[in-house]
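Descriptive analysis of the structure
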Amino acid sequence: MALADRLSALLLFMLGLALLVGGYTMDRLEIRQIHPASIPGLVPMILGVLLALCAALLFRSTYKAEDRNAAPVLSGGSWARLGITTAICTVYALGLVGWLPYFWATFVFTACFTLVFSFPIDGARRAQLTSLAGALALGFGVALGSALLFEKLFLVRLP
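Notes on the structure follow. (Residues numbered from 1 in each chain as written. Predicted model: local features only at pLDDT ≥ 70, side-chain atom pairs only at ≥ 80, totals over all residues. Heavy atoms only, no water.)

Helix and strand counts for the chain stand at 5 helices and 0 strands. If you list the helices and strands of the chain from N to C, you get α-α-α-α-α. In the chain, once contacts between residues fewer than 6 apart in sequence are set aside, the share between residues at least 24 apart is 63%. Element-wise, carbon and sulfur atoms account for 72% of the exposed surface of the chain, whose accessible area totals about 11400 Å². (Helix = DSSP H or I, 4+ residues; strand = E, 2+ residues; numbered from the N terminus. Contact = heavy atoms within 4.5 Å. Areas by Shrake-Rupley, 256 points an atom, 1.4 Å probe, with all protein chains shown as cover.)

See below:
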């Protein structure tokens, strides 16, 4: 697991640096006399720095809690989980969004994703119903929260 965390940390660090450089090289719009605090690249630069910082902390933490007996990265069921995750995300991005309203597409995606990875197939009926209710509640909360965030706070019209 430590190796997976290190590789993820390196990838996230490079992404953070790319965000920082991309935000810095964006047009400043000085011709329009825009205040420096509202330049278009400010948010990507801040997010890039924060992402790189978190990646560095993740990389550093892997040396403190290193487990020498850990299984190789993506061994056993991890390949299956990766494939399922890829399939569900692809269906959401290419199939559901645009075909259904954003709220319902996100609700279906979140509920299905949660059920696939947390539903106790061999569990008691009560545990299965609890898992189903939790997945539906999570799906509703994520869909409603993200829709309201984008439409009301960011003023972005969603499909």
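Now for the environment of M26. Tracing the sequence through the fold places M26 in the loop between helix 1 (2–24) and helix 2 (42–64). Sequence-wise, M26 and I39 are 13 residues apart; in three dimensions their C-alpha atoms are separated by 8.6 Å. For M26, the contacting residues outside a window of four places in its chain are P40 and G41.

Counting residues in hydrophobic clusters, the biggest one holds 8 residues: I88, Y92, L96, Y102, A105, F109, A147 and L158. Of all the secondary structure elements, the ones that give two or more residues to this core are helix 3 (78–96) and helix 4 (102–118). Setting aside its immediate chain neighbours within four residues, F109 contacts I88, C89, Y92 and L96. (Core = buried A, V, L, I, M, F, W, Y, C linked by side-chain atoms within 4.5 Å. Buried < 20%, exposed > 50% of the residue type's maximum accessible area, 1.4 Å probe, protein only.)

Before going further, it helps to examine the packing of aromatic side chains. Each aromatic ring pair is specified by the distance between its two centres and by the angle formed by the two planes. For the coordinates displayed, the defined rule picks out 6 aromatic pairs. With a centroid separation of 5.8 Å and 40° between ring planes, the pair formed by F109 and F113 is classed as tilted. Pair noted here: F109 and F113 are both in helix 4, with a separation of 4 residues, about one helical turn. You can call F113 partly exposed: its relative accessible area is 26%. (Phe/Tyr/Trp six-rings, centres within 6.5 Å; stacked < 30°, edge-to-face > 60°.)

The subject of this paragraph is a nonpolar patch on the surface. On the surface, L12, L15, L19, V43, I46, L47, L50, L53 and L57 cluster together into a nonpolar patch covering about 770 Å² of accessible area. Contributing elements (two or more residues each) for the nonpolar patch: helix 1 and helix 2. With 6 residues, the single largest contributor to the nonpolar patch is helix 2. In this structure, L15 sits in helix 1. (Patch = residues over 30% accessible without salt bridge, like charges linked within 9 Å, V, L, I, M, F, W, Y side chains within 5 Å. Salt bridge = Lys/Arg side-chain N within 4 Å of Asp/Glu carboxyl O.)

On to the packing of helix 3 against helix 4, then. Running from amino to carboxyl end, helix 3 crosses helix 4 at an angle of 170°, the nearest separation of the two axes being 10 Å. One way to sum up the angle between helix 3 and helix 4 is to call them roughly antiparallel. When helix 3 is examined against helix 4, the residues R81, I84, T85, I88, C89, Y92 and L96 are found in contact with a partner set consisting of Y102, A105, T106, V108, F109, F113, V116 and F117. Split into classes, the residues belonging to the contact of helix 3 with helix 4 amount to 12 nonpolar, 2 polar and 1 charged. (Axes fitted to C-alpha atoms, helices over the stretch in contact; angles between N-to-C directions. Parallel < 35°, antiparallel > 145°, perpendicular 65-115°, else oblique. Nonpolar A, V, L, I, M, F, W, Y, C, P; charged D, E, K, R; others polar.)

This part is about helix 1. Given a rise of 1.5 Å per residue, 23 residues ought to cover 33 Å, and the 33 Å separating the end C-alpha atoms of helix 1 matches this to within 8%. Within helix 1 the residues assigned to the buried category are A2, A4, R6, A9, G16 and G23. (Expected span 1.5 Å × (residues − 1).)

With that settled, the discussion passes to helix 5 (residues 125–153). Taking 1.5 Å of rise per residue, the 29 residues of helix 5 would be expected to cover 42 Å, and the 41 Å separating its terminal C-alpha atoms lies within 8% of that figure. Buried within helix 5 are the following residues: Q128, S131, A135, G139, A143, S146 and A147. Contacts from the buried residues of helix 5 go to helix 4. Among the residues trailing helix 5, L155 stands out with phi positive, at a value near 55°.

With respect to the secondary-structure elements, W99 resides in the loop between helix 3 and helix 4. When its relative accessible area of 66% is taken as the criterion, W99 is described as exposed. A C-alpha to C-alpha distance of 8.7 Å links W99 and P159, two positions 60 residues apart in sequence.

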